[in-house]
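So you can see what is in the structure, the chains are spelled out below.
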Amino acid sequence: NAGVTQTPKFRILKIGQSMTLQCTQDMNHNYMYWYRQDPGMGLKLIYYSVGAGITDKGEVPNGYNVSRSTTEDFPLRLELAAPSQTSVYFCASSSYRGGRNTEAFFGQGTRLTVV
Amino acid sequence: ELKVEQNPLFLSMQEGKNYTIYCNYSTTSDRLYWYRQDPGKSLESLFVLLSNGAVKQEGRLMASLDTKARLSTLHITAAVHDLSATYFCAVDWHYNTDKLIFGTGTRLQVFP
């Protein structure tokens, strides 16, 4: 089982460049999330999606965009990279049962450095 | 807005000792999860607590949930070095939709 797959694993960006972090899951989960984790810190929710075509902001959405055209994929877009976006990014997914979502499963993370 | 706080943030403990990590949250929720993260790795699900009074145990770890007090605890019994990691609680905030909000994390180091 692949689970949640993120690409790339590592990336160095220059200030002002753009990139897309890819996330795909093969568990047919409704919910998908993007988090960032700064060194020695907890996870902050950037954006989340409750299903294809539906996205919503989390705790720290500024500087990011997302889309959810399919159940499987939830890409995160950085338009104008800034040093403050240096972080490890985690994608996660969870299923929806009985009117609520269940435990989330995480990808391996993308370590992004903006210089 | 939901806030999730853990304490302590850092915990250095001797092998064989017991200790408890606390997770407090600021608004009503009936679901809470505990995750483990090893350095440089992703998050691994440990416990799923789905109702008030829920208690789950796995090996030397036991988690509980008190939704009325908005408190979850992760108890470590007779710690061993392999438990060294960072532990996160995450609260399922159900407000129209479900958001999963993480605590600050507790970095645990177990030494001989």
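Shown above is the structure to which this text applies.
Residues numbered from 1 in each chain as written. Chains lettered and ligands numbered in written order. Predicted model: local features only at pLDDT ≥ 70, side-chain atom pairs only at ≥ 80, totals over all residues. Heavy atoms only, no water.

Some points on the interface of chain A and chain B
- Each partner contributes to the interface: chain A provides 24 residues, whereas chain B provides 23 residues.
- Summed over the shared surface of chain A and chain B, the number is zero salt bridges.
- Put simply, chain A and chain B have five residue pairs in polar contact (both at pLDDT 80 or more) between them.
- Mapped by element, the contributors of at least two residues to the side of chain A that touches chain B are strand S4 (31–37), strand S5 (43–51) and strand S11 (100–101) of chain A.
- Classifying every residue of the side of chain A that touches chain B gives twelve nonpolar, seven polar and five charged. (Contact = heavy atoms within 4.5 Å. Salt bridge = Lys/Arg side-chain N within 4 Å of Asp/Glu carboxyl O. Polar contact = N/O pair within 3.5 Å; in protein donor to acceptor, adjacent residues only side chain to side chain. Helix = DSSP H or I, 4+ residues; strand = E, 2+ residues; numbered from the N terminus. Nonpolar A, V, L, I, M, F, W, Y, C, P; charged D, E, K, R; others polar.)

Notes on the environment of Leu11(B)
Residues and elements named next belong to chain B.
- Counting through the fold element by element, leucine 11 comes out in strand S2 (residues 10–14).
- Judged by its relative accessible area of 8%, leucine 11 is buried.
- Sequence spacing of leucine 11 and leucine 108 is 97 residues, and the spatial spacing of their C-alpha atoms is 4.8 Å.
- Sequence-distant contacts of leucine 11, defined by excluding residues within four places in its chain, comprise Tyr19, Ile21, Thr106, Arg107, Leu108 and Gln109. (Buried < 20%, exposed > 50% of the residue type's maximum accessible area, 1.4 Å probe, protein only.)

Remarks on the sheet that holds strand S3 (residues 19–25) of chain B
All names here are of chain B.
- Taken together, the five strands give an open sheet; going across it, the order is S1-S3-S8-S7-S6, and neighbouring strands pair in antiparallel fashion. Looking at strand neighbours, the two that pair on one side only are strand S1 (4–7) and strand S6 (55–58), the edges of this open sheet. For this sheet, the mean angle separating the axes of adjacent strands, direction not counted, is 15°.
- Bridge count between S1 and S3: four bridges; the pairing is antiparallel. Counted as the bridge partner of glutamine 6 is cysteine 23 from S3. (Pairing = 2+ DSSP bridges. Axes fitted to C-alpha atoms, helices over the stretch in contact; angles between N-to-C directions.)

Section: the environment of Asp56(A)
Residues and elements named next belong to chain A.
- Assignment of secondary structure puts aspartate 56 in strand S6 (residues 54–57).
- Looking at aspartate 56, the relative accessible area reads 39%, which means it is partly exposed.
- Among residues more than four places away in sequence, those in contact with aspartate 56 are Tyr47 and Tyr48.

Topic: the sheet that holds strand S3 (residues 19–25) of chain A
Residues and elements named next belong to chain A.
- Strand order in the open sheet formed by four strands is S1-S3-S8-S7, with antiparallel pairing between adjacent strands. Either end of the sheet is taken by a strand with one partner, and the two such strands are strand S1 (4–7) and strand S7 (64–66). Pairs of neighbouring strands in the sheet enclose a mean axial angle of 20°, with direction left out of account.

Overview of the nonpolar core
- Counting 46 residues, the largest nonpolar core has Tyr33(A), Phe106(A), Leu32(B), Trp34(B), Tyr35(B), Leu100(B) and Phe102(B) as its most contacted members.
- No other element matches the seven residues that strand S9 (residues 85–95) of chain B contributes to this core.
- Met19(A), Leu21(A), Leu76(A) and Val114(A) belong to the second-largest nonpolar core, a separate cluster that totals 19 residues. (Core = buried A, V, L, I, M, F, W, Y, C linked by side-chain atoms within 4.5 Å.)

Here's the deal with the pairing of strand S9 (residues 87–94) of chain A
Residue and element names in this part refer to chain A.
- Counting buried positions along S9 yields eight of eight residues, so the element is predominantly enclosed.
- Burial along S9 is two-sided: Ser87, Tyr89, Cys91 and Ser93 and Val88, Phe90, Ala92 and Ser94, pointing in opposite directions, are all buried.
- Here S9 runs beside strand S13 (residues 110–114); their pairing, made up of three bridges, is antiparallel. Opposite valine 88, over in S13, you have arginine 111 as the bridge partner.
- Relative to strand S12 (residues 105–106), S9 runs antiparallel, the two being bridged by two bridges.

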